[in-house]
Protein chains: 2
Amino acid sequence: MEDKTKSRRKAASKRSTKAPAKIEDVARHAGVSIMTVSRAMRGVEGVSAKKRAEILRLAKRLNYQPSSVAGSLAAANSTLIGVSVPTLFEAVFAEIFDGMRATFANAGLQTVMDTTEYDKTHEQSWVDRMISWRPAGIILSGAEHSAHTRSRIRAAGIPALEIWDFTEDPIDLCVGVDHHAAGLEMGEHLVKLGYRRPAYVGVEQDRDARAENRLEGLRSAFESFGLSNDHDIRAGKQASFEAGFNGVRTMLSTAAPRPDVIYFLNDHMAFGGLMACERAGLKVPRDIGIVGFNGLNINKVLDKPITTSLTHRSLMGETGAKMLVAKILGAKTERTVALPVDLQDGETTRRQ
Amino acid sequence: MEDKTKSRRKAASKRSTKAPAKIEDVARHAGVSIMTVSRAMRGVEGVSAKKRAEILRLAKRLNYQPSSVAGSLAAANSTLIGVSVPTLFEAVFAEIFDGMRATFANAGLQTVMDTTEYDKTHEQSWVDRMISWRPAGIILSGAEHSAHTRSRIRAAGIPALEIWDFTEDPIDLCVGVDHHAAGLEMGEHLVKLGYRRPAYVGVEQDRDARAENRLEGLRSAFESFGLSNDHDIRAGKQASFEAGFNGVRTMLSTAAPRPDVIYFLNDHMAFGGLMACERAGLKVPRDIGIVGFNGLNINKVLDKPITTSLTHRSLMGETGAKMLVAKILGAKTERTVALPVDLQDGETTRRQ
DNA sequence: GGAAACTACGTTAACGCTAACGTAGATCGC
DNA sequence: GCGATCTACGTTAGCGTTAACGTAGTTTCC
């Protein structure tokens, strides 16, 4: 009877070639209690050095890997940090993530990442799934989240960090840059350089709230001088070289009078746009100005560096990770940190 | 006594503002058994429509989120797919990942990703941590893994996919391209175009096994014509624009006689190198040839597209994901799939 | 040299959930 | 009209681990 039940259970489970070893197997082989194995594996006190060594050797031989699932259920704590980024196609998020790595590794926390495709529904379901794993912390990109997302995270009492966009009113913690201010600063700079007919080239759908904020900043700069931005071109789904290229082609074939400067969603789009301008016979910056955002790597190899706003992605990641770790450990930390953006006057805009 | 034990336990747990609702809370509020709530939440049979609706409403109100930790321990199954990529700085892996997304989402599987930094020790510990969560499947980049990694995955009996590099002898499943063959094909092409003094520009440390395979392929092509590649420059840690730029600068200042063609680790490095050549007054392809790998996005906007080998990253991701899902569901699938690489003759190498 | 303190274990009871099985009451078939 | 089947639940026994506590044997201290 006993036997039958067991074999049934086994057969019902996925075609398990061989069930992986569990703590009980190690205990039996070592002739000790389960608890002693548990202590030995975790390196906590209460086991003699000799027995510990023996148990560890046995565990290795049996290919025993403690189950984090059972472990975190029993201990009610976890070492997971859930990270959500809109896309991996923009190097920015890879750089932020890279900046966080060391801090989390030092704290013994492991990150698990997924992408939301700039979609709030995606993000919501990601948050729910993530919470169901009871992580030690959660990281979201940007500062605009659905009410559902905010309340779920708060209700779960999980430390959370919003990164990239700055807000005074975060779910929990926030580190980022003020995108509106960055756009405004760039706009004022361009006005000062004498530009009067700005255009914008971004991606289809205004899913990227930060980019929209920058555009608004730029617009208000021009508007405060009585100038308006009529040309708002959206091309492609991702902020790629190609999208920038196509956006400019579209613009040049439709816009009259021609804009005198183009503000791009980021440097990659700006480079694509630069290529399109030159292909169309326009000299940059003589005939038209090109402006990007982020200060991406490509800028370092171009003959004519693109005028852009440099963001400090790695520092941002590190700062955010430290704040989150502090919060998780119950230490004091600032709730919000705003990082500066450095305007870099390149050679794709005219000299003053 | 009973009470004391409970409160002690509570106090000992992390400063829980308020413990999140559990299935028991919902059951109590709804006046039904725990099992009925479980069934209602999972949408399985055995609950009347009326009760189900009521329970779901209650769950929402109590902010109840079923614990995946407890759930997968009890049900001994999981919906996790662990994905390991060497770096997020190369768009290639983002594209492969993107290609997999839809397939996994349709199968109700969720991915969790982390990076290994091209480090086998990193990868090993990632595999161990991942296995401890008992995922439904595991995805590794490349085909060179430590014995420990291979045996652990096999011992755990978890379906695994190796992607990007092709091998006849995978841990479990494999989809990728033959990098050696791609290098060989490009080498033969360059010989045919009349190139005789090839050079290579890659990154410091030969951590990227695929890139080394391509280089070997290229070399054997030249060697079979009695030509050798003397110039092997390593610059930077990441395969960035800048690394390509710096690599070429180094090369031009040291190499004599000057190589007539440079093979780069990828298109981004090639573009950086192209910039460095032009900065140095060399005309491409008149004075020197530039060759990349991957067929990255930037190539679509360049006046002179870079000669490269196009890889089909999105297709690769999709193919691999389908194979893995099939394996997880117990369906038949091929063990290995080799995808083609398309040589694209650009304008950074001379015409025949 | 005997109580106190420690060391190195073992035992028990969770952790939050689900599989498997049990069971009233309703429905059905002939 | 009565056994057979079905529906909608409830009960029981884990899943693999750890926290908390219990307990022999050993050491320490004055």
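Criteria and cut-off values
- Residues numbered from 1 in each chain as written.
- Chains lettered and ligands numbered in written order.
- Predicted model: local features only at pLDDT ≥ 70, side-chain atom pairs only at ≥ 80, totals over all residues.
- Heavy atoms only, no water.
- Helix = DSSP H or I, 4+ residues; strand = E, 2+ residues; numbered from the N terminus.
- Rg over C-alpha atoms; globule rule 2.2 N^0.38 Å.
- Buried < 20%, exposed > 50% of the residue type's maximum accessible area, 1.4 Å probe, protein only.
- Least-squares fit on C-alpha atoms with pLDDT ≥ 70 in both.
- Contact = heavy atoms within 4.5 Å.
- Buried area = accessible area lost by both parts, 1.4 Å probe.
- Salt bridge = Lys/Arg side-chain N within 4 Å of Asp/Glu carboxyl O.
- Polar contact = N/O pair within 3.5 Å; in protein donor to acceptor, adjacent residues only side chain to side chain.
- Nonpolar A, V, L, I, M, F, W, Y, C, P; charged D, E, K, R; others polar.
- Axes fitted to C-alpha atoms, helices over the stretch in contact; angles between N-to-C directions.
- Parallel < 35°, antiparallel > 145°, perpendicular 65-115°, else oblique.
- pLDDT = per-residue confidence, 0-100.
- Pairing = 2+ DSSP bridges.
- Right-handed = clockwise from strand over helix to strand, strands pointing away.

Chemist: I'd love a proper account of the overall build of chain A, names of residues and values included.
Modeler: For chain A, the count of helices and strands is 13 helices and 12 strands. Taken over C-alpha atoms, the radius of gyration comes to 27 Å for chain A, far larger than the 20 Å a tight globule of 352 residues would show. In terms of principal-axis extent, the alpha carbons of chain A reach across some 85 × 45 × 40 Å. Counting all 352 residues of chain A, 53% fall into the buried class.

Chemist: Talk me through the relation of the copies chain A and chain B; I want residue IDs and the actual numbers.
Modeler: Here chain A sits on chain B after a turn of 180° about the axis and a move of 0.0 Å along it, with an RMSD of 0.0 Å. Seen this way, the second copy is the image of the first under a two-fold rotation axis. Interface residue correspondence from chain A to chain B reaches 98%, placing this contact among same-surface, isologous pairings.

Chemist: I'd like to hear about the interface of chain A and chain B, residue by residue, with values.
Modeler: Counting residues at the interface gives 56 residues for chain A and 56 residues for chain B. Counting the surface chain A buries against chain B, the share from its top three residues, Gln65, Trp133 and Val301 of chain A, is 13%. At the surface where chain A touches chain B, the tally comes to six salt bridges. One salt bridge in this structure joins Glu117 of chain A and Arg101 of chain B, with 3.0 Å as the shortest N-O distance. In this structure, the connection of chain A to chain B is made through 23 residue pairs in polar contact (both at pLDDT 80 or more). Of all the elements in the fold, those that place two or more residues in the side of chain A that touches chain B are α5 (68-75), α6 (91-106), β2 (110-115), α7 (120-131), α8 (147-156), α11 (241-254) and α12 (267-279) of chain A. Each residue belonging to the side of chain A that touches chain B can be placed in one class, and the counts come to 24 nonpolar, 17 polar and 15 charged.

Chemist: Describe the side chain of Asp172 of chain B, naming the residues involved and giving the relevant values.
Modeler: Residues and elements named next belong to chain B. Mapped onto the elements, Asp172 comes out in the loop between β4 (160-165) and β5 (173-177). A residue is classified by how much of its surface remains accessible, and Asp172, at 9% relative accessible area, is buried. Dropping the residues within four chain positions of it, Asp172 is found in contact with Ile158, Pro159, Ala160, Glu162, Lys327 and Arg335.

Chemist: Quick rundown of the side chain of Thr36 of chain A? Include the residues and the values.
Modeler: Within the secondary structure layout, Thr36 of chain A lies in helix α3 (residues 34-42). When sequence neighbours within four positions are dropped, the list of residues in contact with Thr36 of chain A reads Val47 and Ile55 of chain A.

Chemist: Now, about the pattern of salt bridges: what can you tell me, with residues and values included?
Modeler: Residue and element names in this part refer to chain B. Taken as a whole and judged by the stated rule, the model has 40 salt bridges over all chains. Put simply, Asp172 and Lys327 hold a salt bridge, and the shortest N to O gap is 2.7 Å. Of this pair, Asp172 sits in the loop between β4 and β5 while Lys327 sits in helix α13 (residues 313-328); the two residues are 155 residues apart in sequence, bridging distant segments of the chain. You can call Lys327 partly exposed: its relative accessible area is 28%. Between Arg234 and Glu212 there is a salt bridge, with its nearest N and O atoms 2.8 Å apart. Here the residue Arg234 occupies a position in strand β7 (residues 231-234), and Glu212 occupies one in helix α10 (residues 209-223), the gap between them amounting to 22 residues.

Chemist: How would you sum up the packing of helix α3 (residues 34-42) of chain B against helix α4 (residues 49-61) of chain B? Please name residues and give values.
Modeler: Residues and elements named next belong to chain B. Contact geometry for α3 and α4: axes closest at 9 Å, N-to-C directions at 90°. If you check the angle between α3 and α4, you find them roughly perpendicular. Residue-level contacts link Thr36, Val37, Arg39, Ala40 and Met41 of α3 to Arg52, Ile55, Leu56 and Ala59 of α4. Classifying every residue of the contact of α3 with α4 gives six nonpolar, one polar and two charged.

Chemist: Got a sec to walk through the confidence of the model for chain A? Specific residues and values, please.
Modeler: Summarising the model, chain A shows a mean pLDDT of 92, and 95% of its residues fall at 70 or more. Note that pLDDT drops below 50 for residues 1-16 of chain A; the model gives that stretch three contacts with residues more than four away or on any other chain.

Chemist: Report on the pairing of strand β7 (residues 231-234) of chain A, specifying residues and quantitative values.
Modeler: Residue and element names in this part refer to chain A. Side chains His231 and Ile233 project from β7 onto a buried face, and the interleaved Asp232 and Arg234 project onto a face without burial. Direction of pairing for strand β6 (residues 198-202) relative to β7: parallel, over a ladder of four bridges. Its bridge partner being in β7, Ala199 is matched across the sheet by His231. At this point the chain moves from β6, through helix α10 (residues 209-223), to the parallel β7, and the crossover so formed is right-handed.

Chemist: Give me the environment of Gly292 of chain A: which residues, what numbers.
Modeler: Among the secondary structure elements, Gly292 of chain A is positioned in the loop between β9 (289-291) and β10 (308-310). Sequence separation between Gly292 of chain A and Gly346 of chain A is 54 residues, and the spatial gap between their C-alpha atoms is 10.0 Å.

Chemist: Pulling in residues and values, what's your account of unusual backbone geometry?
Modeler: Residues and elements named next belong to chain A. A cis amide bond links Val284 to the next residue, Pro285, at an omega of 5°. Among the structural elements, Pro285 can be located in the loop between α12 and β9. Here Asn63, not a glycine, exhibits a phi torsion of approximately 60°, which is positive. Here Asn63 shows up in the loop between α4 (49-61) and α5. Looking at Asn63, the relative accessible area reads 25%, which means it is partly exposed. The phi dihedral of Tyr118 is positive, around 55°, even though this residue is not glycine. Here Tyr118 is to be found in the loop between β2 and α7.

Chemist: Account for the pairing of strand β4 (residues 160-165) of chain A, with residues named and values stated.
Modeler: Residues and elements named next belong to chain A. Among the six residues that make up β4, six are buried, leaving the element largely enclosed by the rest of the structure. What joins strand β3 (residues 137-141) to β4 is α8, and the crossover it makes is right-handed. As paired elements, β4 and strand β5 (residues 173-177) share five bridges and run parallel to each other. Among the inter-strand pairings, Asp165 is bridged to a residue of β5, identified as Val177.

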